[in-house]
Amino acid sequence: MAAAPRRSRGGAMVLGLLLLGLCACRAAGGPLRYSVREELPHGAFVGSVASDLGVDPRRLAARGARLTSGTGRQYLELDLGRGALLVRERMDREALCELSPTCFLSLELVIEQPIEVHNVEVEVLDINDNAPCFPRQDYRLEISESAMPGARFHIESAQDPDVGTNSVQSYQLSPSRHFALDLKGFQSGSKLLDLVLQQPLDREQSALEQLVLTAVDGGDPPRSGTAQISVRVVDTNDNPPTFDRSTYTVSLLENALPGTLVVKLNASDPDEGSNGEVIYSFGSYTPQKVRQLFSVDPHSGEVRVNGTLDYEEASSYEIYVQAADQGPVSMAGHCKVLVNIVDANDNAPEVVLTSLYSPVPEDAKAGTVVALMSVTDQDSGLNKQVSLRIPPGLPFTLNSFKNSYTLVTQGNLDHEKAAAYNITVTATDSGNPPLSSQKVIHVEISDINDNPPRFEEPVYSVYIPENNPLGAFMCTIKATDPDAAENAYVTYSLLDGEIEGLPVSSYVSIKSDNGDMYAVRSFDYETLREFQVVVQAQDAGIPSLSSTVTVHIYVVDENDHAPQILYPTSTNTSAALEMIPRLAYAGYLVTKIIAIDGDSGQNAWLFFHLVQTSDPGLFRVELHTGEIRTTRKLGEDSTPTFNLTVEVRDNGEPPMSSSVAITVAVVDRVSKIIPDKRRHLKSPSNYSEITIYLIIALSAISFVFLFTIIGLTVIKCYRYSLYGDSCCGGFCGVRERSPAELYKQANNNIDARLPHGLKVQPHFIEVRGNGSLTKTYCYKACLTAGSGSDTFMFYNTCGPAGTTGPSAVMTERHLTGQSGQSAQNLIILKNDSITPNEPKHPNPDWRYSASLRAGMQSAVHMEEAGILRGGPGGPDQQWPTVSSATTEPEAGEVSPPVGAGVNSNSWTFKFGPGNPKQGGPESKKQTQVSFLLRRKGESSQYSQ
């Protein structure tokens, strides 16, 4: 029989241990639960979090595990080394939870990477650290001697802040024959003790009786408290006031205003007089906090609100009220008022920011955690239910887990559009009316290098005048980068390349920090008119991004070249010499000024002015062509020489000019070799040497000339023999053709001799030039239809008027100029012939001095590409060439074209009889040939 109790006690211990183990284990899907006794010192072990979570303690430290609490005070801490929950600060259960039967601390365990949140509940267990205490140390009772046995007298019970078995468990009364202690009320939960009169009192035997009341708790070891009861026996008022109810239960809103009636108490006393007059007051054991919140009217018994109630501090209050009569021996009745506080939505929710991960890179993926927060509301019920929201349109969203929320990214972030966000989180409860609060979270977006520099212009065009100084500023290349910090720092550089075989850096340079471009050399428009460079803009990001832009640089021409006079030329000591016949008519062409300008555009436009003359009214200079002509016929008494000064001025700003001095000599006849007045007399000893040189030169020229004539005769006879003709005239017995027949045959074969695909009208020829030739000129030449000569001379544009008549045809010819270049596109398309009845003498105005003829020994020759049948040979076919021109005034002459931009590769030529005594003009037809002269590469324009 004795073993059974021991087994019961052993089973109880096992059951207790199991319950403690269950408290330390985490319920499935629930929080981590632990229990800890109060008053433990700092560092006391509470539980192993790592073991309960199944995580290595080192991983907790690596993942940044930490504890958070909704209250401001942290009583527990997490030892990351062991993964254990320890006591951080000594806890007093009575201060934390007051009289609550259970006391829990709610914590949150936050683990990062990835983020995990675990709720931790720690129950603070009570220890017997408080002894029972009576509200008063001395109780004074006045008991009438008329009191009957069994009379009860209430004594306030002792209070013990501890709970459970550590609270008051029993009372003991010192031995007395008159009084005994009734504990039935205490066992039923009442806070009043009944002192029961066992035997009637006898004031004469004992007027005062002293009792000691002891309260004992159930702790181990137990604690106790005592109170002194003094019983004074009187002989009056033997009925105490009584309430109509022993307990009053009232519900009261927490937002009730001060002065609100809570309850009206009613107590009655059957005694009469002052013994029946009742006065209401708080019981002596009513807590001071309750006395501050409520008040009792001593006469009416009304209990009213006296302070501000708060459901979150206390959900109920117990008010002990006593009613005492006014008898000589006052008697009192007691009651309890239980006030239940009804929660009102008077607390706005509060958002607590637990963690903030800012800045966030702009390339963060959707779902990246930005912030971790929790929300608390001190209200209860629906008033405690809180919802969070953020403004729409933001690249963020909220995810919830119980009372914890995470702010995560949603969509793409762009630092260039928004470098930071002020996210307003609004928390709203479910009360009526609902309350809300806001918290602003500042989230910064960090920049990444995702934008290359962008130039302000797609293409840059820079104009710089030539002859610029070294280091001249050209332009500023500007590029911007929408990124930030070093990702937006732009540097400029020139890409490697070559310009006319030289590197780009030898022409221009650029400052790497601001994009200013400078000229490294002085540019010359005449050698380099335009070029382009490629500029690269690169940021300082990692990896760096870059972009390029093309810069076109145009060199602007300046008037830095004075006109250069090619003909005639003069020196500082002597003037150019020209001769005119004494019988020259008005408008006679004395000479033509030929000049060029190394500039271009308007700077190369040339104008000719006669700035000085010995006879102002005799000569004039064409403004644009430079032709010097007479304005009137010379008189018989004219001076033998005239001095002219012609100035050639360009159209630049400021203009530049050159001048030439010309001496015009009046002679009776213009000879082939004009004496040069610049020659000086030489000593007689030099004449013999000069004569020898002249004889040798003339002999060599004569030999070459005879050899050439013989060769040409043989070639011509061979060509004529192919057609059955003879080159020996009448001596070979072959009939000579008349000029009319020859002309007719030429007309009949016109279609065969014109080249195929000709797209110009058949009375012009095209002559291509080079050098500074920039215009197209119309020229005409005169020759006989039957002439077999393949060499003829140029003459001026738009030959003599009136050259009408049938057209003779010449086959395709090749033009060879002074530069030695072949112009095979020179084609004679039309010949205007002159009938024998209308002979035209050659114009003697196109004669030049011997110095010009000497410089034109490589004059243009027309080499016949086809076969042109002529009349009988003889003296009629002897036409002069440039190199063998006669001294007769009727001989053919050559003149280069004039005007700005025309060089000596283009010519004006004409044909005419070598000597009027030969009778060429009387028996042969004189022909004009029109042709065009233009620069190679330019489009041709043809006109009648």
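These figures come from a predicted structure and were not determined experimentally.

The rules we used
- Residues numbered from 1 in each chain as written.
- Predicted model: local features only at pLDDT ≥ 70, side-chain atom pairs only at ≥ 80, totals over all residues.
- Heavy atoms only, no water.
- Helix = DSSP H or I, 4+ residues; strand = E, 2+ residues; numbered from the N terminus.
- Buried < 20%, exposed > 50% of the residue type's maximum accessible area, 1.4 Å probe, protein only.
- Contact = heavy atoms within 4.5 Å.
- Areas by Shrake-Rupley, 256 points an atom, 1.4 Å probe, with all protein chains shown as cover.
- Salt bridge = Lys/Arg side-chain N within 4 Å of Asp/Glu carboxyl O.
- Patch = residues over 30% accessible without salt bridge, like charges linked within 9 Å, V, L, I, M, F, W, Y side chains within 5 Å.
- Pairing = 2+ DSSP bridges.
- Axes fitted to C-alpha atoms, helices over the stretch in contact; angles between N-to-C directions.
- Phe/Tyr/Trp six-rings, centres within 6.5 Å; stacked < 30°, edge-to-face > 60°.
- Lys NZ or Arg CZ within 6 Å of the ring centre and 35° of its normal.
- Core = buried A, V, L, I, M, F, W, Y, C linked by side-chain atoms within 4.5 Å.
- Disulfide = S-S within 2.5 Å.

Enquirer: Can you walk me through the overall build of the chain in this structure?
Expert: A count of helical and extended segments in the chain gives eleven helices and 62 strands. Residues counted as buried form 43% of the 944 residues belonging to the chain. The long-range share in the chain, meaning contacts at least 24 apart out of those at least 6 apart in sequence, stands at 70%. Accessible surface computed for the chain: about 48600 Å², of which carbon and sulfur atoms make up 53%.

Enquirer: Help me understand the side chain of Thr-591 in this model?
Expert: Inspection of the secondary structure puts Thr-591 in strand 45 (residues 589-592). Taking the relative accessible area as the measure of exposure, Thr-591 reaches 3% and is therefore buried. Those residues within four positions of Thr-591 in sequence are excluded, and the remaining contacts are Tyr-567, Glu-578, Gly-626, Glu-627, Ile-628 and Ile-662.

Enquirer: How should I be thinking about the pattern of salt bridges in this particular structure?
Expert: Pairing between side chains of opposite charge can happen when their charged atoms approach one another. Within this structure, the stated rule accounts for 18 salt bridges. Two residues, Arg-63 and Glu-116, come together in a salt bridge whose shortest N-O distance is 3.1 Å. Of this pair, Arg-63 sits in the loop between helix 3 (57-62) and strand 3 (66-69) while Glu-116 sits in strand 7 (residues 116-125), and the two are 53 residues apart along the sequence. Relative accessible area serves as the criterion here: at 10%, Arg-63 is assigned to the buried category. As a salt-bridge pair, Lys-592 and Glu-627 come within 3.4 Å of each other at their nearest N and O atoms. Here Lys-592 is found in strand 45, whereas its partner Glu-627 is found in strand 49 (residues 627-630), with 35 residues between them in sequence. Looking at Lys-592, the relative accessible area reads 3%, which means it is buried. Residue classification places Glu-627 among the buried positions, given a relative accessible area of 9%. One salt-bridge network, held together by shared partners, links Arg-152, Asp-182 and Asp-194.

Enquirer: I tried to follow unusual backbone geometry on my own but got confused; where do I start?
Expert: The bulk of non-glycine residues show a negative phi, and the bulk of peptide bonds are trans. Here the residue pair Asp-220 and Pro-221 is connected by a cis peptide bond, since its omega of 0 degrees sits within 30 degrees of zero. Within the fold, Pro-221 resides in the loop between strand 13 (208-217) and strand 14 (224-234). In this structure, Asn-467 takes a positive phi of about 65 degrees despite not being glycine. Inspection of the secondary structure assignment puts Asn-467 in the loop between strand 33 (459-465) and strand 34 (473-476). Its identity as a non-glycine residue notwithstanding, Glu-500 has a phi of 55 degrees, on the positive side.

Enquirer: Hey, could you run me through a nonpolar patch on the surface in this one?
Expert: Taken together, Phe-705, Leu-706, Ile-709 and Leu-712 make up a surface patch of nonpolar side chains, about 380 Å² in accessible area. Secondary-structure assignment places Ile-709 in helix 7 (residues 684-722).

Enquirer: I keep staring at the sheet that holds strand 13 and nothing clicks. Help me out?
Expert: Two pairing modes exist for strands in a sheet, parallel and antiparallel, and in both the strands are linked by backbone hydrogen bonds. Spatial strand order, 8-14-13-10: four strands in an open sheet with mixed pairing. Every other strand in the sheet has two partners, leaving strand 8 (138-144) and strand 10 (168-173) as the edge strands with one partner each. In this sheet, neighbouring strand axes are inclined to one another by 25 degrees on average, regardless of whether the strands run parallel or antiparallel. Where strand 10 meets strand 13, five bridges bridge the pair, whose relative direction is antiparallel. Pairing of Ser-170 across the sheet is with Val-216, part of strand 13.

Enquirer: Honestly, the packing of aromatic side chains in this entry has me stumped. Any pointers?
Expert: On inspection of all chains with the given rule, the structure shows 13 aromatic pairs. Here Phe-294 and Tyr-317 contribute two aromatic rings whose centre-to-centre distance is 5.7 Å and whose plane-to-plane angle is 70 degrees, an arrangement assigned as edge-to-face. Residue Phe-294 is found in strand 20 (residues 294-296), and its partner Tyr-317 is found in strand 22 (residues 316-325); the two are separated by 23 residues along the sequence. Across this residue pair, the class does not change: Phe-294 and Tyr-317 are buried. Geometrically, the ring pair formed by Phe-473 and Tyr-518 is edge-to-face, given 5.7 Å between the ring centres and 70 degrees between the ring planes. Here Phe-473 is found in strand 34, whereas its partner Tyr-518 is found in strand 40 (residues 516-519), with 45 residues between them in sequence. By relative accessible area, Phe-473 is classed as partly exposed at 47%. Judged by its relative accessible area of 24%, Tyr-518 is partly exposed. Members of the aromatic cluster, connected to one another through ring pairs, are Tyr-507, Phe-523 and Phe-531. Here the basic side chain of Arg-521 rests over the ring of Tyr-507, its NZ or CZ set 4.2 Å away from the ring centre.

Enquirer: Help me understand the nonpolar core, please; the structure alone is not making it clear to me.
Expert: Nonpolar side chains in soluble globular proteins tend to be buried together. Among the nonpolar cores identified, the biggest contains 29 residues, and Ile-477, Val-508, Met-517, Val-533, Val-551 and Ile-553 are the most heavily contacted of them. Setting aside anything within four residues of it in sequence, one finds Ile-477 in contact with Phe-455, Tyr-460, Tyr-492, Ile-510, Asn-514, Gly-515, Met-517, Val-535, Val-549 and Val-551. Listed in part, the 28 residues of the second largest apolar core include Val-263, Phe-294, Val-321 and Ile-341.

Enquirer: Could you clarify how one ought to interpret the state of the cysteines in this entry?
Expert: Working definition: the covalent bond between the sulfur atoms of two cysteines is a disulfide. Scanning all chains against the criterion turns up one disulfide. In this model, Cys-97 is linked to Cys-103 through a disulfide, with the two sulfur atoms separated by 1.8 Å. Classification of the bridge connecting Cys-97 and Cys-103 rests on its S-S torsion, roughly 65 degrees, and on that basis the disulfide is right-handed. Among the residues examined, Cys-103 registers a relative accessible area of 1% and is labelled buried.

Enquirer: Sorry, what's going on with the pairing of strand 28 (residues 396-401) here?
Expert: Side chains on a regular strand alternate between the two faces of the sheet. Relative to strand 29 (residues 404-409), strand 28 runs antiparallel, the two being bridged by six bridges. Counted as the bridge partner of Phe-401 is Ser-404 from strand 29. Taking the residues that link successive antiparallel strands as the turn, the strand 28-strand 29 hairpin has two residues, and the phi of Lys-402 there is positive, at about 55 degrees.

Enquirer: Just checking my understanding: could you explain the pairing of strand 36 (residues 490-494) for this structure?
Expert: The alternating pattern of strand 36 places Val-490, Tyr-492 and Leu-494 on a buried face and Thr-491 and Ser-493 on a face that is not buried. Bridge count between strand 36 and strand 41 (residues 530-539): five bridges; the pairing is antiparallel. By the bridge assignment for strand 41, Thr-491 is matched with Gln-538.

Enquirer: Where do I start with the sheet that holds strand 3 in this structure?
Expert: On the basis of which strands lie adjacent, the open sheet formed by four strands has the order 1-7-6-3 and mixed pairing. The open sheet terminates on both sides in strands that have one partner only, identified here as strand 1 (32-37) and strand 3. With direction set aside, neighbouring strand axes in the sheet form an average angle of 30 degrees.

Enquirer: Sorry, what's going on with the environment of Gly-626 here?
Expert: Looking at where Gly-626 falls in the secondary structure, it is placed in the loop between strand 48 (619-621) and strand 49. Its relative accessible area of 0% is what places Gly-626 among the buried residues. Considered as a pair, Gly-626 and Phe-608 are 18 residues apart in the sequence and their alpha carbons are 5.5 Å apart. The residues touching Gly-626, leaving out its near neighbours within four places in the chain, are Thr-591, Lys-592, Ile-593, Phe-608 and Val-621.

Enquirer: Just checking my understanding: could you explain the environment of Asp-524 for this structure?
Expert: Looking at where Asp-524 falls in the secondary structure, it is placed in the loop between strand 40 and strand 41. Judged by its relative accessible area of 25%, Asp-524 is partly exposed. Along the primary structure Asp-524 and Glu-466 are separated by 58 residues, whereas in three dimensions their C-alpha atoms are 5.2 Å apart. Excluding anything up to four places from it in sequence, Asp-524 contacts Glu-466, Val-555 and Asp-560.

Take it as geometry only, folks, not as evidence of what the structure does.
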